[in-house]
Amino acid sequence: MSKKRLVILGGGESGVGTALLGKAKGYEVFVSDKGTIKEKYKKVLIHNEIEWEEQQHTESKILHADVVMKSPGISDKVALVQQLMQKNIPVISEIEFASKYTNATIVGITGSNGKTTTASLMHHLLKQEIEVGLAGNIGDSFAKQVLKKDYKNYVLEISSFQLDGIIDFKPQIAVITNITPDHLDRYDNQFEKYIASKFSIAKNQTKEDYLIYDADDEVITNWLDVHPVQSTLLPFSLVKKIENGAYLDQENIIITIDNNQIIMPKTNLALEGKHNIKNAMAASTVAHLLKIRKQTIRESLENFQGVEHRLENVLKINKVQYINDSKATNVNATYYALESMDAPTVWIVGGVDKGNNYQELYPFVNEKVKAIICLGVDNQKIIEAFGNMVDIIVETQYMTEAIKIAYKLAESGDNVLLSPACASFDLFENYEDRGRQFKEAVRNL
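One structure accompanies this document, and this report is about it. In this text, all values refer to a predicted model and were calculated from it rather than measured experimentally. (Residues numbered from 1 in each chain as written. Predicted model: local features only at pLDDT ≥ 70, side-chain atom pairs only at ≥ 80, totals over all residues. Heavy atoms only, no water.)

On to the overall build of the chain, then. A tally of helices and strands in the chain yields 17 helices and 20 strands. At 23 Å, the chain has a C-alpha radius of gyration in line with the 22 Å of a compact globule built from 445 residues. Across its three principal axes, the chain shows a C-alpha extent of roughly 75 × 55 × 40 Å. Split into buried and exposed, the 445 residues of the chain put 56% on the buried side. Within the chain, counting contacts between residues at least 6 apart in sequence, those at least 24 apart form 65% of the total. Here the chain displays about 19900 Å² of accessible surface, and carbon together with sulfur accounts for 46% of that area. (Helix = DSSP H or I, 4+ residues; strand = E, 2+ residues; numbered from the N terminus. Rg over C-alpha atoms; globule rule 2.2 N^0.38 Å. Buried < 20%, exposed > 50% of the residue type's maximum accessible area, 1.4 Å probe, protein only. Contact = heavy atoms within 4.5 Å. Areas by Shrake-Rupley, 256 points an atom, 1.4 Å probe, with all protein chains shown as cover.)

Given below as structure tokens:
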């Protein structure tokens, strides 16, 4: 009997992980990348005798696949993907492929913002008592973990692009942190399509499974009213009282599942800001479902250090706090950052605009921002949006320069915040590179 052929488009973390798992499960595997494959991944492919190509897609080697796993970065609109779909060859994501080879309990987290913090916090809570892997958009690929060390539980951070490639994938616990317009360029600029994509995390769930979501997010609640899901719902809220789920009662977070309650003072949370109360609610609800002890949940929330490049306090110099929020690649993420500023702020913003509407930031900019430093190739839109609100707007294309300007503008007691609200690809490799350059420039002051 001939082997089934698995073709992988994209030789990055998820692609190479899938290749290894596919080979181990008896597939004939071919990896094809239109760009170049990083040296470390090439070595893995060569060592494991997996066929690969770069800087091209050879159609004759791709179009007779039994199944194709494509990297989340490749759009469905690409001609090659369209051809595969016309031939009824399943084009799936790594999450779909790998989940077939594990019996683990899966917690899947999606949303426009807060996914990484919530996933990391959740992993931190769970790993104190149970065996749990962290994968998806974070760390080692899910497929590779399933192959090398199949954990009994997984926390997966899942993007809408990965959800677009699922058929049977079903997390026992799904979490939707929030939904705001993002990546609309990939969804024909139709917000509805993007929302539907996020909700596909629950499409295969039954009433034995759980959907945890932000009940204060009207996009989510309106969608659920019109498109009910099978899952058992566990909402969380800062303003409504919730019988099954989590809510804020003055100073306490109260989580109730089947009459079993946890009460936790919000002042004890290590991470500050309203959005982090929500992240804590989501993570604690999952921990409660997976029978983590109340004491462990409380302690873990008190000592969690946060995620790099997400409202990360870098240094205090001359009583000015420098904060790295490079992970804020859309307006909504920057909204949370500005909301949590408690002092006059010099704000470093800009990069590749994904169709941003800056209006929702106006109240915070009026109230808290004393100067804006634009760090992008094209800053016109930012200057037009905030020109009348802030006395000082400066443009630069160098991080070191931006930090020197910020150092001059900030006075004792101020904050200097890097929260770009944009993608980083115009001047940096990625948001991590941008955040690291920020930290280095601050340390060199």
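Pairing is parallel in the open sheet, where five strands are placed in the order β3-β2-β1-β4-β5. Among the strands making up the open sheet, the edge pair consists of β3 (51-54) and β5 (91-92). Across four bridges, strand β2 (residues 28-33) lies against β3 in parallel orientation. Its bridge partner being in β3, aspartate 33 is matched across the sheet by glutamate 54. (Pairing = 2+ DSSP bridges.)

Moving on to the environment of asparagine 88. Mapped onto the elements, asparagine 88 comes out in the loop between α4 (79-86) and β5. Taking the C-alpha atoms as reference points, asparagine 88 and aspartate 66, 22 residues apart in sequence, are found 9.5 Å from one another.

Looking now at the packing of aromatic side chains. Enumeration according to the criterion identifies 13 aromatic pairs in this entry. Relative to tyrosine 154, the ring of tyrosine 151 has its centre 5.7 Å away and its plane inclined at 85 degrees; by these criteria the two rings are edge-to-face. For the residue pair tyrosine 151 and tyrosine 154, the accessibility class agrees, reading buried in each case. Relative to tryptophan 223, the ring of phenylalanine 199 lies with its centre 5.9 Å away and its plane at 20 degrees, an arrangement referred to as stacked. Separated by 24 residues along the polypeptide, phenylalanine 199 in helix α9 (residues 191-199) and tryptophan 223 in helix α10 (residues 218-226) bring together distant segments of the chain. A single burial state applies to phenylalanine 199 and to tryptophan 223, both of which are buried. Here the aromatic cluster, defined as three or more aromatic residues joined through ring pairs, consists of Phe161, Tyr187, Phe191 and Tyr194. (Phe/Tyr/Trp six-rings, centres within 6.5 Å; stacked < 30°, edge-to-face > 60°.)

So, on to the nonpolar core. Judged by nonpolar contacts, the single largest core of 52 residues is most densely connected at Phe142, Leu156 and Phe199. Ranked by the residues each element gives to this core, the list is headed by helix α1 (residues 13-24), at four residues. Excluding residues that lie within four positions of it along the chain, phenylalanine 142 makes contacts with Glu94, Ile95, Ala98, Ser99, Thr102, Ile106, Ala135, Gly136, Tyr154 and Leu156. Core analysis: the second largest hydrophobic core is formed by 38 residues, Val155, Leu248, Met264 and Met281 among them. (Core = buried A, V, L, I, M, F, W, Y, C linked by side-chain atoms within 4.5 Å.)

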